[in-house]
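Summary of the model geometry
As a plain string of letters, each chain reads:
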Amino acid sequence: MIISPAMLKIFEECPQKYNYIYVDRISLPQNKYFYQKGKNIHAMASYFLKGYNIEKQEQSLNKDEKLIWNYLKNIKYFQYDVVGSEYQLACKIEDNWVGGRLDALVKNNDDYYILDYKTGSIPQNPEYDYQTMVYLLCADKFIKKYSSLSFIYLDLKNNEEKIIKLSQEIKLEYEERIKKVLNEIILLQNNKIKLLKNNKCNCDYYCICDKK
């Protein structure tokens, strides 16, 4: 099994919730409409970077989506060489696989950039968000030789960007942080840690959470 950044984040927030979703496989209904704008923009970006003709798709966007898309398609990173769009990457950390699907991976000479489009908010602490850490580690092992490797959060709500550049020091720190969480997940999966109800929690799984 490949452990994704979302799985790591959920485990850190609440091991009980992680257990319900990924161990017991209990799913709840999702509000698909809430995510539709993000899906449309991601699809447009993927088609564009792959060189498809997207004129008809552009005409189907609503006013808000067109504003976002016009900003995104003109950023400098979309002028760079495309390594992959909607790109699946994974790497092994000790005995466990972590990874996920990158919005895009582009390069300018030997400088590589992982792009992540956000129609909502970027993480409050992006340098240590699991998405940042996992994707940079995976890209580092995949590319191997590069001048620089950066993760770029593209804040499409405010037309801003947040850049996190990988260094050897940060790389080692990321590996240790992820190893720690992976070891805790293994203990959970082997029933070696006791799950307790968080009385302050108000997530969708609260109503079925064990009252111990």
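Residues numbered from 1 in each chain as written. Predicted model: local features only at pLDDT ≥ 70, side-chain atom pairs only at ≥ 80, totals over all residues. Heavy atoms only, no water.

Counted according to the given criterion, the structure contains 8 salt bridges. A salt bridge links Glu127 to Lys162; the nearest nitrogen and oxygen atoms lie 3.2 Å apart. Linking Glu127 in the loop between strand E4 (111-118) and helix H6 (130-143) with Lys162 in strand E6 (residues 160-165), this pair joins segments that are 35 residues apart in sequence. We classify Glu127 as partly exposed; its relative accessible area is 25%. We note a salt bridge from Lys171 to Asp140, for which the minimum N-O separation is 2.9 Å. (Salt bridge = Lys/Arg side-chain N within 4 Å of Asp/Glu carboxyl O. Helix = DSSP H or I, 4+ residues; strand = E, 2+ residues; numbered from the N terminus. Buried < 20%, exposed > 50% of the residue type's maximum accessible area, 1.4 Å probe, protein only.)

Let's shift gears to helix H7 (residues 168-189). Given 3.6 residues per turn, any residue in an α-helix points the same way as the ones three and four places further on. Between the first and last C-alpha of H7 there are 31 Å, a value that for 22 residues agrees with the 32 Å anticipated at 1.5 Å per step. Looking only at H7, the buried set comprises Lys171, Tyr174, Glu175, Ile178, Val181, Leu182, Ile185 and Leu188. Axial view of H7: buried residues confined to an arc of 145°, hence all on one face. Exposed residues pointing more than 90 degrees away from the buried face of H7 are listed as Glu169 and Lys180. Within two residues after H7, Asn191 carries a phi angle of roughly 55°, on the positive side. (Expected span 1.5 Å × (residues − 1). Arc of directions from axis to C-beta.)

Attention now moves to the pairing of strand E2 (residues 81-93). Sheet topology places E2 next to strand E3 (residues 96-108); 11 bridges connect them, and they run antiparallel. When the bridges of E3 are listed, Tyr87 appears paired with Leu102. What sits between the antiparallel neighbours E2 and E3 is a turn of 2 residues, in which Glu94 has the positive phi angle 55°. (Pairing = 2+ DSSP bridges.)

This paragraph deals with the nonpolar core. Grouped together as the largest cluster of nonpolar side chains are 38 residues, with contacts concentrated most on Leu8, Val98, Ile114, Leu136, Leu149 and Ile178. With 9 residues, H6 is the largest single contributor of residues to this core. Setting aside chain neighbours within four positions, we find Val98 in contact with Ile2, Ile3, Leu89, Ala90, Cys91, Ile93, Val134, Cys138, Ile178 and Leu182. Ranked by size, the runner-up nonpolar core spans 21 residues in total, among them Leu49, Ile68, Ile75 and Val106. (Core = buried A, V, L, I, M, F, W, Y, C linked by side-chain atoms within 4.5 Å. Contact = heavy atoms within 4.5 Å.)

Next up on the list: the packing of helix H2 (residues 15-23) against H7. Axis separation between H2 and H7 bottoms out at 11 Å; the angle between their running directions is 65°. Judged on the interaxial angle alone, H7 and H2 are roughly perpendicular. The crossing of H2 and H7 is right-handed. Residues Pro15, Tyr18, Asn19 and Val23 of H2 form the contact with H7, whose own contacting residues are Ile185, Leu188 and Gln189. Here the residues of the contact of H2 with H7 are counted per class, giving 5 nonpolar, 2 polar and no charged. (Axes fitted to C-alpha atoms, helices over the stretch in contact; angles between N-to-C directions. Parallel < 35°, antiparallel > 145°, perpendicular 65-115°, else oblique. Left-handed = near helix turned anticlockwise from the far one by under 90°. Nonpolar A, V, L, I, M, F, W, Y, C, P; charged D, E, K, R; others polar.)

With that settled, the discussion passes to unusual backbone geometry. With phi around 55°, Glu94 is a residue other than glycine that occupies positive phi space. By the element assignment, Glu94 lies in the loop between E2 and E3. Overall, the relative accessible area of 47% leaves Glu94 in the partly exposed class.

The side chains of a regular strand alternate between the sheet's two faces. Buried residues dominate strand E5 (residues 148-155), accounting for 8 of its 8 residues. Every second residue of E5 is oriented toward a common face, with Ser148, Ser150, Ile152 and Leu154 on one face and Leu149, Phe151, Tyr153 and Asp155 on the other, all of them buried. A crossover connection joins E4 to the parallel E5 through H6; in handedness this β-α-β unit is right-handed. Of the pairings in the sheet, the one linking E5 to E6 comprises 6 bridges and is antiparallel in character. Residue pairing for E6: Ile152 is matched across the bridge by Ile163. Counting the residues between successive antiparallel strands, the hairpin from E5 to E6 contains 4 residues, one of them, Asn159, with a positive phi of roughly 55°. (Right-handed = clockwise from strand over helix to strand, strands pointing away.)

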